[in-house]
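# Structure at a glance
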Amino acid sequence: RLLSNFETSTGKLLHIILSGQPERHAKLQLSELRQLKQRIGLRCVLRPMTPEQVEQYIASHLRVCGARRPVFTPAAIRRIAEYSSGIPRVVNMVCDHCLLVGYAEQIREIDGDIVKRAVEYLEQGQLEARRRPVSAAAARFGIARYSRQALVLFAGAVAAAAAATGLWLAPA
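The present account deals with the structure reproduced in this document. Since the structure is predicted, the reported quantities are computational estimates derived from the model, not experimental observations.

A few words now on a nonpolar patch on the surface. On the surface, F6, L13, L14, I16, L18 and L36 cluster together to form a nonpolar patch covering roughly 540 Å² of accessible area. Along the polypeptide, L18 turns up in the segment before α1 (22-28). A relative accessible area of 42% places L18 in the partly exposed class.

Written out as structure tokens, the structure is:
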């Protein structure tokens, strides 16, 4: 409240922007926060996306990142739209997990089955690995006992650590 009172004779010195999830709106309805609610000058609510908008949202993100062909099948997009209820944050999370599974299993097209497995992982924390024949190279290097997902996750963690270390050690 104190910050919102900073002003001159010509106008406010400080504009505060509140941004949040739908739960923020419910929180602002509490009687203890009525003075804060009274000071909000502009409100904008983003509604969940329709299934068609989810499809366009995914296609747009893929196009921006350089995809030259559709990556998700129509069945996969339907499952993503259904699970996410049109919430962009959830769409992003499901798509991210689907792409990780697809990469780990060297699958170029994400179908409804992969979305189902990614959603199960999000809900339960476990991804059931598909059994694949062990290549001679994998057996020779002793990595046959590790799942491809574990190796990809480990490689991602190493890359993230290397990037973070590079950022911390970079001269200012």
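Moving on, we get to the packing of helix α5 (residues 88-104) against helix α6 (residues 112-124). To describe two helices that pack against each other, one gives the angle between their axes and the distance between the axes. Between α5 and α6, the shortest axis-to-axis distance is 9 Å and the interhelical angle comes to 115 degrees. Our classification of the angle between α5 and α6 gives roughly perpendicular. Here the hand of the crossing between α5 and α6 comes out right-handed. Along its contact with α5, which presents M93, V94, H97, C98 and V101, the element α6 presents I114, V115, R117, A118, V119, Y121 and L122.

The residue S84 is located in helix α4 (residues 74-84) in this model. In terms of polar contacts, S84 uses its side chain to reach the backbone carbonyl oxygen of I80, at 2.9 Å. Excluding residues within four positions of it along the chain, S84 makes contact with V90 and V91.

The rules we used
Residues numbered from 1 in each chain as written. Predicted model: local features only at pLDDT ≥ 70, side-chain atom pairs only at ≥ 80, totals over all residues. Heavy atoms only, no water. Patch = residues over 30% accessible without salt bridge, like charges linked within 9 Å, V, L, I, M, F, W, Y side chains within 5 Å. Areas by Shrake-Rupley, 256 points an atom, 1.4 Å probe, with all protein chains shown as cover. Salt bridge = Lys/Arg side-chain N within 4 Å of Asp/Glu carboxyl O. Helix = DSSP H or I, 4+ residues; strand = E, 2+ residues; numbered from the N terminus. Buried < 20%, exposed > 50% of the residue type's maximum accessible area, 1.4 Å probe, protein only. Axes fitted to C-alpha atoms, helices over the stretch in contact; angles between N-to-C directions. Parallel < 35°, antiparallel > 145°, perpendicular 65-115°, else oblique. Left-handed = near helix turned anticlockwise from the far one by under 90°. Contact = heavy atoms within 4.5 Å. Polar contact = N/O pair within 3.5 Å; in protein donor to acceptor, adjacent residues only side chain to side chain.

Just geometry here; none of it tells us what the structure is for.
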